[in-house]
Amino acid sequence: MTTTSTGATPAPMGRVRAITGATAGHAIEFFDFAVYGFLAVHIGHQFFPSGNPTAELLSSFAVFGLAFFARPLGGLVFGPLADRIGRKQVLVLVLTLMSGCSVLIGLLPTFETWGIAAPVVLVLLRTLQGFSAGGEYSSGSAFLLEFAGPGRRAFGVSWLTFGTTVGLTVGIVTVTGVTAVLSEEAMADWGWRLPFLMAAPLAGIALYIRAKIEDTPEFQALAQTKQINAAPVRDVFGRGRSLALIVGIGAMHATCFYAVFTYMPTYIGTVNQYGATFALISTLVCAAVTLVALPLLATLSDRVGRRPVLIVGSLGFAAIVFPVFSGITLGNPALAMAGQVGLGLLTATYLAASAAAMPELFPVSVRSTGVAIGFNIPAALFGGGAPFVATYLIDVTGWTVAPAIYLLGTALIGLVAALVLRPADIHSDEIVDGQTVVVSEPDAVPGA
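Rules used in this analysis
Residues numbered from 1 in each chain as written. Predicted model: local features only at pLDDT ≥ 70, side-chain atom pairs only at ≥ 80, totals over all residues. Heavy atoms only, no water. Helix = DSSP H or I, 4+ residues; strand = E, 2+ residues; numbered from the N terminus. Rg over C-alpha atoms; globule rule 2.2 N^0.38 Å. Buried < 20%, exposed > 50% of the residue type's maximum accessible area, 1.4 Å probe, protein only. Contact = heavy atoms within 4.5 Å. Areas by Shrake-Rupley, 256 points an atom, 1.4 Å probe, with all protein chains shown as cover. Lys, Arg positive; Asp, Glu negative; His and termini not counted. Charge placed at Lys NZ, Arg CZ, Asp CG, Glu CD. Salt bridge = Lys/Arg side-chain N within 4 Å of Asp/Glu carboxyl O. Expected span 1.5 Å × (residues − 1). Bend = angle between axes of the 7 residues up to and from the residue. Core = buried A, V, L, I, M, F, W, Y, C linked by side-chain atoms within 4.5 Å. Patch = residues over 30% accessible without salt bridge, like charges linked within 9 Å, V, L, I, M, F, W, Y side chains within 5 Å.

(A) Summary view of the overall build of the protein. Looking only at helices and strands, the protein has 20 helices and two strands in total. For the protein, the C-alpha radius of gyration of 21 Å lies close to 22 Å, the compact-globule estimate for 448 residues. Dimensions of the protein, computed from the C-alpha atoms along their principal axes, are close to 65 × 45 × 35 Å. Classification of the 448 residues of the protein by burial places 59% in the buried group. Once local pairs closer than 6 in sequence are excluded, the contacts in the protein between residues at least 24 apart make up 85%. Here the protein has roughly 16000 Å² of accessible surface; of this, 69% comes from carbon and sulfur atoms. Across the protein, the mean location of the 21 positive side-chain charges is 8 Å away from that of the 23 negative side-chain charges.

(B) A look at the pattern of salt bridges. Taken as a whole and assessed by the stated rule, the structure comprises nine salt bridges. The salt bridge partner of Arg 87 is Glu 146, with a shortest N-O separation of 2.7 Å. Taken as a pair, Arg 87 in helix H5 (residues 87-107) and Glu 146 in helix H7 (residues 117-148) lie far apart in primary sequence, 59 residues in all. Pair check on accessibility: Arg 87 and Glu 146 agree, each one buried. Through salt bridges that share partners, Asp 83, Arg 87, Glu 146, Glu 218 and Arg 367 make up one connected network.

(C) View of helix H15 (residues 276-304). Here H15 contains 29 residues, and its C-alpha end-to-end distance of 40 Å stays within 8% of the 42 Å for a straight helix at 1.5 Å per residue. A maximum bend of about 35° is found in H15 at Ala 293, where proline Pro 295 lies one to four positions downstream. After H15 finishes, the residue Gly 305 shows a positive phi value of roughly 110°.

(D) View of the side chain of Ser 354. Structurally, Ser 354 is set in helix H17 (residues 333-360). Given a relative accessible area of 0%, Ser 354 falls into the buried group. Residue contacts for Ser 354: discarding those within four places in its chain leaves Ile 249, His 253, Leu 310 and Pro 359.

(E) Quick look at the nonpolar core. Within the largest apolar cluster, 112 residues are counted, with the highest numbers of intra-cluster contacts made by Leu 122, Phe 317, Phe 325 and Ile 328. Residue contacts for Phe 317: discarding those within four places in its chain leaves Met 252, Cys 256, Val 260, Leu 343, Leu 346, Thr 347, Leu 407 and Ala 411.

(F) Focus on a nonpolar patch on the surface. The grouping of Leu 66, Phe 69, Ile 377 and Leu 381 at the surface amounts to a nonpolar patch, some 350 Å² of accessible area in total. Looking at the nonpolar patch, the elements that each hand over two or more residues are helix H3 (53-69) and helix H18 (367-383). Tracing the backbone through its elements, the reader meets Leu 66 in helix H3. Given the relative accessible area of 33%, Leu 66 is considered partly exposed.

Here you go:
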């Protein structure tokens, strides 16, 4: 294996601005998603009143999942767009759409005021958010991968997941703070709106940062030399192995993240009367551990390769998911928190490698399209549906540990994808003097 230097390496400050812009915007995107997940109980009561708390929660989570089913369509639009007009332009566009919808949700009249129109508009706004998210992750991962440079790709892309976790953490703090200040009645009546309205100033800051950054050196060189792919969707669908791998890796990537950080606060808060406050604190501790671990584990992946880190993360998650859910049902707060943190650490392990492995499966000319199509499918089928399926399984079976079955299945899918990943599957394209040169990095994925 050989390594070729690139003639388009960004300056250190340019790389810092790029990472900051992509991370900040991604944090706002997932602040919006997190707030909805953490306020699912209130939203269910305000927009889907039935007198049955479980039915209201299921309806709220169904809308949460519906946004994910709009992601593949958004990916088909924004993924190819990012490969044609640039990653930066799409990143600005999708952030504007996502945050605008959040503000409108915060202002939306409830069922009591608008009747059936209220949940219909809520579904529309959440669908538009899912549509925008279909372009956010694919464009962001391609953007950071190409700015990171050889030997630091996992570390570079890990900041996207770092931003996701920051967004969730800020969402937790916001919801916790509003809940602590307001009475239960005020929170249920109007307090739930405040976190959504906070999206406006936060998004304004992130949009300003994104507007100041430049597009990636690789895309700029591609555009200058007129090597833009005219049919990226067709090209991607011709790469069957890469698509199969990203679907397998993405299934674990999406499911474990949303299960640990979006569903588990609800699960812990409703099992054995731990309470919502403890559940949010536990998730906050889990997020803090994840934030520390992510860049360290990503650096490890850059050194030892994607495959071993993916295997450890998925195998470890599969091994402890049943004991963790069983332990939570015992009513011991320390044990419940330790279990969530353990799953969070293994999630960080997997994501540290998967975040880079997925965009690396495609060359620069179709990278955003490949991730948009390949990742958004499992994100919709597995990640977005995780809270709904987990809640439904408990309701149908009466077994509080039932969600572990679903998580075990997706962890095994991720494990299989990691086991079949080969060094030849990785694309490390660099543009040197107007020519696309395939750079084979010894540390990208170790040999079998």
